[in-house]
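Chain and residue survey
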Amino acid sequence: MASRRAAVGLIAMGFAALISISGASAQDYPTRPVKWVVGYPPGGATDILARLIGQRLSERLGQQFIIENKPGAGNNVGTESVVNADPDGYTVLLVNPANGINASLYTKLSFNFIRDIAPVAGILRSPNVMVVPADFPAKTVAEFVAYAKANPGKVNMASSGNGTSVHLSGELFKSMTGIEMTHIPYKGAAPALTDMIAGRVQVIFDNLPSAIQHIKAGTLRALAVTTETRSPLLPDVPTVGETVKGYEASAWFGMGAPAKTPKPIIDKLNKEINAILAEPAMQAKIAELGGVPLLGTPADFGKIIVSETEKWEKVVKFAGAKVE
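Each chain carries its own residue numbering, running from 1 in the written order of its sequence. Only residues with pLDDT of 70 or above have their local features reported here, since the model is predicted, and side-chain atom pairs are shown and tallied only from 80 upward, although totals for entire chains, interfaces and linings are computed over all residues. As a rule here, side-chain values cover all heavy atoms of the structure and leave hydrogens and water aside.

1. Considering the packing of aromatic side chains
- Here a Phe, Tyr or Trp ring, Trp counted by its six-membered ring, pairs with any other such ring whose centre lies within 6.5 Å, and the pair is stacked when the planes are under 30 degrees apart, edge-to-face when over 60, and tilted otherwise. Following the criterion strictly, the structure yields 7 aromatic pairs and no others.
- Pairing Y29 with Y90 gives two aromatic rings, centres 5.2 Å apart and planes at 65°, and the pair type is edge-to-face. With Y29 in the loop between helix 1 (2-28) and strand 1 (34-38) and Y90 in the loop between helix 3 (76-83) and strand 3 (91-95), this pair connects stretches of sequence that are 61 residues apart. Just as Y29 is buried, Y90 falls in that class too.
- An aromatic cluster is present here, built from F136, F144, Y147, F173, F205 and Y247 joined pairwise through their rings. Put simply, DSSP marks the helices as runs of H or I at least four residues long and the strands as runs of E at least two long, and each gets a number from the N terminus on. Relative accessibility decides the category of a residue: with a 1.4 Å probe and only protein chains considered, values under 20% of the type maximum give buried, values over 50% give exposed, and everything between is partly exposed.

Written out as structure tokens, the structure reads:
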């Protein structure tokens, strides 16, 4: 009996030690560099945001947040790599609209995003913007629709990949206007914009953060933003909905982690990201990108993920879009 009590005591001590170690690891986290996976090449909105927030996280937490670009399959390659990573807080994901869209767009996925990725924190929400080459003949949304109808087969619609908000914003536009456009998916916004400036594609509904510098430089022309209201960053640019009644789309971004990542680590990252988003200098940078900060708890960000997944499922069905 005494030996059994001793064994039970040792087991209890072991659990207490594990709890202590777990608590200490969360308190000391991070003790080594953190890999932040972005499912697109460098240069697009997701990459820009990850590097912007990652730099401040590195400075605040004393360990490097290393951006790892893993493009492919409309963001699924990068997402799957995080789903399968050790849930220790040292691999995180830049969550973006494709994560909500792909759940219904792709017929075969090896993961369930809502189940397999834990929400950590929102970062920002921003409009997409309908842009065309600077020398494109249409100057307004109405003129663009008229041009597309008068020139069937001549309008190529670029996107940053199948299943991105860039892609589905265009599909929604096609469905609501009755025009035909040929979808040309790229492995990110940066190569798509390069081809657009060269005149190889005619339109993209890009995330505003990655397109804004080209718009300001005059190499691309903004026809409209995709949100219900105009963007303070482009106050003279109308909304798509001013011409196409009822049209609305926006992009949202945040951080996620493998599902079993310890809650204290998630809470610590959430606290740090919220603190960064509250900094006046960061708020100014986000405003320059046309975004609005998404402050809140992990649960708040989880609600956004669920509601956006449900919204885009309706758009996918409406557009009849599918990717094998």
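2. What about helix 12 (residues 298-319)?
- Compared with an ideal rise of 1.5 Å per residue, which puts 22 residues at 32 Å, helix 12 spans 31 Å between its outermost C-alpha atoms and is within 8% of the ideal.
- Of the positions making up helix 12, those classed as buried are P298, F301, G302, I304, I305, E308, T309, W312, V315 and V316. On an axial view of helix 12, the arc spanned by its buried residues comes to 150°, and they lie on one face. Exposed residues on helix 12 whose side chains face more than 90 degrees from its buried face are K303, K314, K317 and F318.
- In the segment just after helix 12, G320 is the residue with positive phi, at about 70°. In a helix, the anticipated span is given by 1.5 Å times the number of residues less one. Directions from the helix axis toward the C-beta atoms define the arc.

3. Thoughts on empty space enclosed by the protein
- Using only the protein atoms, space was sampled on a 1 Å grid; points where a 1.4 Å probe fits but cannot get out form cavities, open sets with protein on both sides within 12 Å along at least five of seven lines form pockets, and lining residues are those with an atom within 4 Å of a point. Grid points are joined across faces, edges and corners, and a volume is the space filled by probe spheres set on the points. Tallied over the entire structure, the rule returns 2 cavities of 30 Å³ or more.
- In this structure, the largest cavity is lined by 15 residues; those nearest its centre are Y40, T46, S160, V166 and N207.
- Elements with a contribution of two residues or more to the lining of the largest cavity: helix 2 (45-61), helix 7 (165-177) and strand 7 (203-207).
- Gly counts as polar in this scheme, as do all residues outside two lists: the nonpolar Ala, Val, Leu, Ile, Met, Phe, Trp, Tyr, Cys and Pro, and the charged Asp, Glu, Lys and Arg. Considering only residue class, the lining of the largest cavity consists of 6 nonpolar, 8 polar and 1 charged.
- An automatic or database domain assignment supplies the residue ranges for each domain. In this structure, the lining of the largest cavity is formed jointly by two domains, domain 1 (34-126 + 250-319) and domain 2 (127-242), each of which donates at least three residues.
- When its volume is computed, the second largest cavity comes out at roughly 30 Å³.
- What lines the second largest cavity is simply N76, A98, N99, N102, A103, L109, F111 and F113.
- The element contributing the most residues to the lining of the second largest cavity is helix 4 (residues 97-105), with 4 residues.
- Classifying every residue of the lining of the second largest cavity gives 5 nonpolar, 3 polar and no charged.

The values are spatial; any link to function lies outside them.
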